[in-house]
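# Examining the three-dimensional arrangement
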Amino acid sequence: MRTIAVLLLAAGLLPAAGFRAGVGRVKITPDKPIWLSGYASRNHPSDGVLHDLWAKSLAVEDGKGARAVLVTVDLVGLPPSLSNAVAARVAKEYGLERSRLVLNCSHTHTGPVVRPNLLSMYDLDAEQGQRLVEFAKELENKLVSVIGAALGDLAPAKLSTGHGKAVIGINRRQVTPKGVIIGLNPEGPTDPDVPVLKVETADGKLKAVLFGFSCHNTTLTGEHYKLSGDYAGFAQLNLEKTHPGATAMFMQLCGADQNPNPRGTVEHAEQHGRTISQAVDSVLGGAMKPVRGNVRSSFMSIDLTFKPHTREQFVEELNSKDKFRVRRAQSMLRAYDEGRPTRKVSYPVQAIRFGKDYTLVALGGEVVVEYALRAKKEFPKENLVVAGYSNEVSSYIPSLAVMKGGGYEPDFSQIYYGYPGPFSDDLEETIFAAIHNVMARVGAK
Ligand SMILES: [Zn+2]
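One structure accompanies this document, and this report is about it. Because the structure is a prediction, the values reported are computed rather than measured.

## A few points about the overall build of the protein chain
A count of helices and strands for the protein chain gives 11 helices and 19 strands. The C-alpha radius of gyration computed for the protein chain amounts to 22 Å, which stays within 12% of the reference 22 Å derived for 445 residues, consistent with globular compactness. Overall size of the protein chain, expressed as C-alpha extent along the three principal axes, is 80 × 45 × 45 Å. Looking at the protein chain residue by residue over its 445 residues, the buried ones come to 58%. Considering only contacts in the protein chain between residues 6 or more positions apart, those separated by 24 or more positions represent 81%. When the 52 positive and 46 negative side-chain charges of the protein chain are each reduced to one mean point, those points stand 5 Å apart.

## Examining the sheet that holds strand β18 (residues 384-387)
Here we have 4 strands laid out as an open sheet, ordered β14-β15-β16-β18, and mixed in their pairing. Bordering the open sheet on either side are β14 (295-305) and β18, each of which pairs with just one other strand. Geometrically, the sheet is characterised by an average inter-axis angle of 15 degrees between neighbouring strands, direction not taken into account. In this structure, strand β15 (residues 344-354) lies alongside strand β16 (residues 358-363), joined through 6 bridges in antiparallel fashion. Within β16, the position partnered with Val-349 by the bridge is Leu-363.

## What to know about the coordination of the zinc ion
The protein atoms that coordinate the zinc ion are His-107 (NE2), His-216 (NE2) and Glu-366 (OE), at distances of 2.0 to 2.1 Å. Look at where the donors of the zinc ion fall in the sequence and you get H-x108-H-x149-E. Here His-107, found in the loop between β4 (101-105) and α3 (126-152), pairs with His-216, found in the loop between β10 (206-213) and α4 (230-242); they are 109 residues apart in sequence, far enough to count as distant. The buried category is assigned to His-107, whose relative accessible area is 2%. Residue His-216 is classed as buried on the basis of its relative accessible area, which comes to 2%.

## Overview of the pattern of salt bridges
All chains considered together, the criterion is met by 27 salt bridges. The salt bridge partner of Arg-89 is Glu-140, with a shortest N-O separation of 2.8 Å. Of the two residues, Arg-89 is situated in helix α2 (residues 80-94) and Glu-140 in helix α3; the sequence distance between them amounts to 51 residues. Where Asp-337 meets Arg-311, a salt bridge forms, and the shortest distance between an N and an O atom there is 2.7 Å. You can see Asp-337 sitting in helix α7 (residues 323-337) and its partner Arg-311 sitting in helix α6 (residues 311-317), a full 26 residues away along the chain. Residue classification places Asp-337 among the exposed positions, given a relative accessible area of 55%. Its relative accessible area of 33% is what places Arg-311 among the partly exposed residues. When salt bridges that share partners are traced, they join Arg-89, Glu-93, Lys-137 and Glu-140 into one network.

## Details of empty space enclosed by the protein
Scanning the model with the defined rule gives 3 cavities of 30 Å³ or more in all. Taken as a whole, the largest cavity holds about 40 Å³ of empty space. If you trace the largest cavity, you find it lined by Leu-304, Val-345, Ser-346, Tyr-347, Gly-364, Gly-365, Glu-392, Ser-394, Ser-395 and Tyr-419. A total of 3 residues in the lining of the largest cavity trace back to one element, the largest contributor, which is β15.

## Some remarks on the nonpolar core
One finds Val-71, Leu-75, Leu-78, Leu-101, Leu-139, Leu-143 and Ile-147 to be the most contacted residues of the largest nonpolar core, which totals 40 residues. Among the elements that make up this core, the one with the highest residue count is α3 (10 residues). Contacts of Leu-101, omitting those with residues within four sequence positions, involve Val-69, Val-71, Ala-87, Val-90, Leu-96, Ile-147, Gln-350 and Asn-391. Ala-256, Tyr-371, Leu-384 and Val-393 belong to the second-largest nonpolar core, a separate cluster that totals 38 residues.

## Brief notes about the state of the cysteines
Two cysteines, two sulfur atoms, one covalent bond between them: this is a disulfide. This model, assessed by the stated rule, comprises 0 disulfides. Cys-105 takes part in no disulfide bond, and the closest cysteine sulfur to it belongs to Cys-254, at a distance of 15 Å. Taking the relative accessible area as the measure of exposure, Cys-105 reaches 1% and is therefore buried.

## Structural notes on the packing of α7 against helix α10 (residues 408-416)
α10 packs onto α7 with a crossing angle of 70 degrees between their chain directions and a minimal axis gap of 8 Å. If you check the angle between α7 and α10, you find them roughly perpendicular. For the pair α7 and α10, contact is made by Phe-324, Arg-325 and Arg-328 and by Phe-412, Gln-414, Ile-415 and Tyr-416, respectively. Partitioned by chemical class, the residues of the contact of α7 with α10 number 4 nonpolar, 1 polar and 2 charged.

## Points about the packing of aromatic side chains
Following the criterion strictly, the structure yields 12 aromatic pairs and no others. Residues Tyr-408 and Tyr-416 carry aromatic rings whose centres are separated by 6.3 Å and whose planes lie at 40 degrees to one another, so their mutual orientation is tilted. A ring pair is formed by Tyr-419 and Phe-423, whose centres lie 6.5 Å apart and whose planes are at 50 degrees; its orientation type is tilted. Each member of the pair Tyr-419 and Phe-423 is classed as buried. An aromatic cluster is built from Phe-324, Tyr-396, Tyr-408, Tyr-416 and Tyr-417, whose rings are joined through pairwise contacts. Here Arg-42 stacks its cationic end above the ring of Tyr-225, 5.7 Å away from the centre of that ring. In this structure, Arg-374 is placed above the aromatic ring of Phe-432, and the distance from its NZ or CZ to the ring centre is 3.9 Å.

Conventions we followed
- Residues numbered from 1 in each chain as written.
- Predicted model: local features only at pLDDT ≥ 70, side-chain atom pairs only at ≥ 80, totals over all residues.
- Heavy atoms only, no water.
- Helix = DSSP H or I, 4+ residues; strand = E, 2+ residues; numbered from the N terminus.
- Rg over C-alpha atoms; globule rule 2.2 N^0.38 Å.
- Buried < 20%, exposed > 50% of the residue type's maximum accessible area, 1.4 Å probe, protein only.
- Contact = heavy atoms within 4.5 Å.
- Lys, Arg positive; Asp, Glu negative; His and termini not counted.
- Charge placed at Lys NZ, Arg CZ, Asp CG, Glu CD.
- Pairing = 2+ DSSP bridges.
- Axes fitted to C-alpha atoms, helices over the stretch in contact; angles between N-to-C directions.
- Donors = N, O, S within 2.8 Å, 3.2 Å for Na, K, Ca; no water.
- Salt bridge = Lys/Arg side-chain N within 4 Å of Asp/Glu carboxyl O.
- 1 Å grid on protein atoms, 1.4 Å probe; cavity = no way out; pocket = protein on both sides within 12 Å on 5 of 7 lines; lining within 4 Å.
- Points joined across faces, edges and corners; volume = space filled by probe spheres on them.
- Core = buried A, V, L, I, M, F, W, Y, C linked by side-chain atoms within 4.5 Å.
- Disulfide = S-S within 2.5 Å.
- Parallel < 35°, antiparallel > 145°, perpendicular 65-115°, else oblique.
- Nonpolar A, V, L, I, M, F, W, Y, C, P; charged D, E, K, R; others polar.
- Phe/Tyr/Trp six-rings, centres within 6.5 Å; stacked < 30°, edge-to-face > 60°.
- Lys NZ or Arg CZ within 6 Å of the ring centre and 35° of its normal.

Encoded structure:
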């Protein structure tokens, strides 16, 4: 038997890297009208399906049995309670450590509300509220099972990596005399990188392609009520059409301050999806670098602190004409009255490294593009992918420069996320210290 294996290996018929890979997928499209997330302006539940929403999983195991599972979900974001529940269950059921699991959301704004995230943004009746409770419970079960499906599908595989480029969006932090608004800022930082991880079966068939991009998945604006994965959904559909049998998985990277441009119609979403899938396809069709070695992982939970606040400021905010501010004030006052004012929040920082060839830094929250640009500069030897929107989405994560500029991402979004106000100015440095910490633990320099 051994001789045959050696002969097959010599003939290039067995993968030399020793990886095994498995994939899973499960449809998560709700079967009844459901409240859509992302825009406070919506006033009724969804009214149909443009295309299905999916949770997809890729499990990779190295030659020594060390594993990682990456899950991509066509949703706006996962609340920590839900991702923690999934992580605890897969640790128990499949023995998968927390550090070896990444749950990334595409941040589509035409997917259901995932409670309890952003609940203060919506006026729900009892029936819609109950539907969201059921959706979240079902989602938890589906995420656990799709992780199990990928682990159950492990088979010899070859991994390779490459990068494409695309422009579908624009920095949205427009400076005006009245402050920074959500608009168009052609001068602002962007990242055209389209990182691609290709997974082939032992006999060279495309099994999965994991790709990412840094841009809000908001081509479809608040007047759209059909469920869909927006441009990221179209990009995945295109790739699965061109490569029958392959699983295409989209990761949202650091697109918090980027919007698609133009936006507003289904045609725009199709167009941006095509731009991304074409960029991925040209990487797949070109020379790609093999990924070899062991799968190492590290995960830590750090504290992010808010700027100081007082009870009085929320008593005052109760008089606001803005119902979202009133709701935030009420919840902050409740916290004060219970003797636990909100001073900090926990935040997940994770790294998964495949040999020296592919490194994923997974960050929670809506991370602005400067984090990706800075991390790539600070780790020039790594083939680095920085994915925000990972494991949980509980707030925006602005850079110091964005915090200084003010506006929606550092300030007003905190009202909808139910936080007392902006983070303290050491936010970016605190997160980068943690990034350096997890990177050191996986052997990256
Ligand atoms: Zn967002």
